[in-house]
Amino acid sequence: MNMKIVVEKDYQAMSKTAAAILADAIRANPKIVLGLATGSTPVGLYGELKKQYRQGQLDFSNVRTFNLDEYIGLPKEDPNSYGYFMNEELFKDINIPLENTHIPDGQAEDLEEYCRAYDKSISQEGGIDIQILGIGENGHIAFNEPDESLALETNIVELTEDTIKANSRFFNSMDQVPKTAISMGIGTILKARKIILLASGEKKAPIIGQLLKTRRINTMLPASFLLLHPDVTLVVDQAAYGEMN
Ligand code: F6R
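Report on the accompanying structure. Given the structure is predicted, the values throughout are model-derived calculations rather than measurements.

Here Asp231 lies in the loop between helix H7 (205–213) and strand E10 (232–237). For the pair Asp231 and Leu34, spaced 197 residues apart in sequence, the C-alpha separation works out to 15 Å. Every residue in contact with Asp231, bar those within four places of it in the chain, is listed here: Arg193, Lys194 and Ile195. Only 3.4 Å separates the side chain of Asp231 from the side chain of Lys194, close enough to count as a polar contact.

Here you go:
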C-alpha cells in the first residue's frame, strides 16, 4: 500500500503533526493551494496553524484555499454552515484575504453550473497542492457517501441517514440538518498532489481498520479510492488506529 501512516498518541499530537506538514509546505510555497475540511477532526490542526501565525511563523497572505463541501440551503451566516465554521476556526484569525478562500456556495442559484465552475476554478488556480481530509464513520470522504457509484467531479449529494445523524450533534434537532450538500467528487480529491487524511478517536477505529486492511477499491468504502493516490499520509491518533498495531 502506498499510504504512509503516522500514529500519534492523542488528538493534540495528531493535530501538531498535521500542522507541521502544512506549515513546512506553506513556508516552502507561500502561494500554496490548500484543500480544507470542516468537522471536528481538523479543529486542532487549525488551532496549531493559528498559533504559528500569531507567533509570526506563518504568512497566509498568498495562500489559496478550497473547501471540500458545504450544505445546500444554509446561508454563510448560519452557524452550522461550513462557511461560518471556516471563518470561526481559521480565517478570521489569520491573514488570509477572504477572496483567496473558496467554499462551495450552498445557495447558488444554478447548483449544477456552480459545481462545474468550482472544479474549473480549482484548475485555474493550478490545482490543489495539499488536501486535508477527515473520514466519516461510514467511510465517506468529503460528502462522497457509500453508494453503487461515486461522482468524479464536484456534485450535489444526498447525505445518508448515518451522516445526518452524525452531523445532528451540531444542530438543535435532526430535521434541521440539511439533507443535501455540495461536495468535491472523488476525482476532484484524487487530483490533489498530496493528501493528508486525519482520523481521531475510537469511533473511527473500525473504519480505519477496514481501510487499512482492504486490498480492493470499493464504492461502498469511498475512502478506499485514496489507495489509488501516490501520496497519501494518514495521520491518526492511537484511539483511531485501534487494534491495528
Ligand atoms: C467535512 C467533510 C467530512 C468530514 C467527516 C468527518 O468537510 O468533508 O467528510 O471530514 O464527516 O467528520 P468529523 O471530523 O466531524 O468526524
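The next point concerns the site of the ligand. As a structural note, the neighbourhood of the ligand is formed by 14 residues, with Thr41, Asp69, His140, Ala142 and Lys204 the closest of them. Here an oxygen atom of the ligand sits 2.9 Å away from a polar atom, N or O, in the side chain of Thr38. Surface burial for the ligand is 91%, taken as the share of its 410 Å² of free accessible area covered by protein chains. Residue composition of the shell around the ligand, grouped by class: four nonpolar, seven polar and three charged.

Right, let's get into the packing of helix H1 (residues 11–28) against helix H2 (residues 43–54). Orientation of H1 relative to H2, taken along the N-to-C sense of each, is 50 degrees, at an axis distance of 8 Å. In terms of axis orientation, H1 runs oblique to H2. Here H1 and H2 pass one another in a crossing that is right-handed. Across the interface between the two elements, Tyr11, Ser15, Lys16, Ala18, Ala19, Leu22, Ala23 and Arg27 of H1 pack against Val43, Gly44, Leu45, Glu48, Leu49, Lys51 and Gln52 of H2. A class-by-class count of the residues in the contact of H1 with H2 yields eight nonpolar, three polar and four charged.

Turning next to the sheet that holds strand E1 (residues 4–8). Here we have seven strands laid out as an open sheet, ordered E1-E10-E9-E6-E2-E3-E5, and parallel in their pairing. Of all the strands in the sheet, the pair left with one neighbour each is E1 and strand E5 (101–102). As defined by bridge partners, strand E9 (residues 194–199) adjoins E10 across five bridges and the pair is classed as parallel. Considered in E10, the bridge of Ile195 is made with Val232. Relative to E10, H1 is tilted by about 150 degrees, and along the sheet it contacts E1, strand E2 (33–36), strand E6 (130–133), E9 and E10.

Thresholds applied
Residues numbered from 1 in each chain as written. Predicted model: local features only at pLDDT ≥ 70, side-chain atom pairs only at ≥ 80, totals over all residues. Heavy atoms only, no water. Helix = DSSP H or I, 4+ residues; strand = E, 2+ residues; numbered from the N terminus. Contact = heavy atoms within 4.5 Å. Polar contact = N/O pair within 3.5 Å; in protein donor to acceptor, adjacent residues only side chain to side chain. Near = heavy atom within 4 Å. Areas by Shrake-Rupley, 256 points an atom, 1.4 Å probe, with all protein chains shown as cover. Nonpolar A, V, L, I, M, F, W, Y, C, P; charged D, E, K, R; others polar. Axes fitted to C-alpha atoms, helices over the stretch in contact; angles between N-to-C directions. Parallel < 35°, antiparallel > 145°, perpendicular 65-115°, else oblique. Left-handed = near helix turned anticlockwise from the far one by under 90°. Pairing = 2+ DSSP bridges.

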